[in-house]
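Topology and contacts: notes
The residues making up each chain are set out below.
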Amino acid sequence: TARGAPAAVRHGWLLLCGHALGWLPFAAVKRVAFLYHYIPSLHLSLLAAGLALDHLLLAHPAPRRAPAAALATPSQLDLAVALTIALAAASFLFFLPLYLGWPIEPADSRWRAKLLDPCRPVLEWVDSHVVPALFPNVSAVEQ
């Protein structure tokens, strides 16, 4: 890439490749995979999210406003940043019991599964189309 390109473009492909290298070995595994298998990719995903947020903030600088006006009327960028932080915090809290290995009640487990159920068609499509394309030698019997 060109030297004048933003850091998100210059370094983002490295983070994407690192994430893929950490995740792809486990993409075709059909048995239980443990969360610690994803941790290297998670770190790269967090770095990429920070880089993307930095790019967003630098590409759309907030206009200068008086401090009282800034508190009274948040800009769209302020709302986007707040929403991103809120979603990251909610995701952290949602997956924290799983990450720490805390016992989960069956009712809580069903609630979490229902919340993630809209993702099922996407995951099934990846499982049936992307994984066989990436790993053609892995058959369903080897799982």
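Residues numbered from 1 in each chain as written. Predicted model: local features only at pLDDT ≥ 70, side-chain atom pairs only at ≥ 80, totals over all residues. Heavy atoms only, no water.

A closer look at the overall build of the chain
Selection rule: A run of H or I in DSSP becomes a helix once it reaches four residues, and a run of E becomes a strand once it reaches two; helices and strands are each numbered from the N terminus. Using a 1.4 Å probe on the protein chains alone, a residue whose accessible area is under 20% of its type maximum counts as buried, one over 50% counts as exposed, and one in between counts as partly exposed. Residues count as neighbours in contact if any of their non-hydrogen atoms are within 4.5 Å of one another.
Per the secondary structure count, the chain includes six helices and zero strands. Each helix (α) and strand (β) of the chain, taken in turn from the N terminus, gives the series α-α-α-α-α-α. In the chain, buried positions account for 10% of the 143 residues. Within the chain, contacts between residues at least 6 apart in sequence are counted, and of these 47% link residues at least 24 apart.

Some remarks on helix α6 (residues 120-134)
What counts here: Residue count minus one, scaled by 1.5 Å, sets the expected span of a helix. The angle separating two fitted axes, one through the seven residues that finish at a residue and one through the seven that start at it, defines the bend at that residue.
The end-to-end C-alpha distance of α6, which contains 15 residues, comes to 20 Å, matching closely the 21 Å that a straight helix rising 1.5 Å per residue would cover. Most pronounced at Asp127, the bend in α6 amounts to some 35 degrees.

What to know about the packing of helix α2 (residues 39-59) against helix α4 (residues 76-100)
What counts, and what does not: Interaxial angle, 0 to 180 degrees, is taken between N-to-C directions of lines fitted to C-alpha atoms, where a helix line uses only the stretch in contact. Orientation labels follow simple angle bins: below 35 degrees gives roughly parallel, above 145 gives roughly antiparallel, 65 to 115 gives roughly perpendicular, and whatever is left gives oblique. Amino acid classes used here: Ala, Val, Leu, Ile, Met, Phe, Trp, Tyr, Cys and Pro are nonpolar; Asp, Glu, Lys and Arg are charged; the rest, including Gly, are polar.
Two numbers describe how α2 lies on α4: the axes approach to 11 Å, and their chain directions differ by 170 degrees. Our classification of the angle between α2 and α4 gives roughly antiparallel. For the pair α2 and α4, contact is made by Ile39, Leu53, Leu56 and Leu57 and by Leu77, Val81 and Tyr99, respectively. Grouping the constituent residues of the contact of α2 with α4 by class yields seven nonpolar, no polar and no charged.

Some words on the packing of aromatic side chains
Note the following rule: In this analysis, rings of Phe, Tyr and Trp, with Trp reduced to its six-membered ring, are considered paired at centre separations within 6.5 Å, and the interplanar angle assigns stacked below 30 degrees, edge-to-face beyond 60, and tilted for intermediate values.
Enumeration according to the criterion identifies two aromatic pairs in this entry. Between Phe94 and Phe95, the ring centres sit 4.8 Å apart and the planes meet at 85 degrees, which makes this aromatic pair edge-to-face. Of the residues examined, Phe94 reaches a relative accessible area of 10% and is grouped as buried. Here Phe94 and Trp111 contribute two aromatic rings whose centre-to-centre distance is 5.8 Å and whose plane-to-plane angle is 50 degrees, an arrangement assigned as tilted. Of this pair, Phe94 sits in helix α4 while Trp111 sits in helix α5 (residues 106-116), and the two are 17 residues apart along the sequence. Note on Trp111: relative accessible area 48%, which makes it partly exposed.

Brief notes about the environment of Leu134
Its location among the elements puts Leu134 in helix α6. Distance from Leu134 to Leu24, taken between C-alpha atoms, is 8.6 Å for residues 110 residues apart in sequence.

Remarks on α4
Helix length check: α4 (25 residues) gives 35 Å between terminal C-alpha atoms against 36 Å at 1.5 Å per residue, within 8%. Of all the bends found along α4, the most pronounced is centred on Phe94 and spans about 35 degrees, while Pro97, a proline, follows it within four residues. For α4, the set of buried residues is Leu77, Val81, Phe94, Leu96 and Pro97. Buried residues along α4 sit in contact with α2 and α5. Just downstream of α4, Gly101 is the residue with a positive phi angle, here 75 degrees.

Here we look at the pattern of salt bridges
Side chains that differ in sign of charge can pair as their charged atoms come close. Here is the rule we go by: The salt bridge definition used is simple: a Lys or Arg side-chain nitrogen within 4 Å of an Asp or Glu carboxyl oxygen.
Tallying each qualifying case throughout the model produces one salt bridge. Two residues, Arg112 and Asp108, come together in a salt bridge whose shortest N-O distance is 3.1 Å. One end of the pair is Arg112 and the other is Asp108, both in helix α5 and four residues apart, which spans about a single turn.

Points about the packing of α4 against α5
Packed helix pairs are specified by the crossing angle of their axes together with the interaxial distance, meaning the distance between the axes. Basically, it comes down to this: We call a crossing left-handed when the near helix sits turned anticlockwise from the far one by less than a right angle, and right-handed when that turn is clockwise.
For the pair α4 and α5, the least separation of the axes is 12 Å and the interaxial angle reads 130 degrees. The angle between α4 and α5 places the two elements in the oblique class. Between α4 and α5 lies a crossing whose hand is left-handed. On α5, the residues that touch Phe94, Phe95 and Pro97 of α4 are Trp111, Arg112, Leu115 and Leu116.

This is a description of form; function is not addressed.
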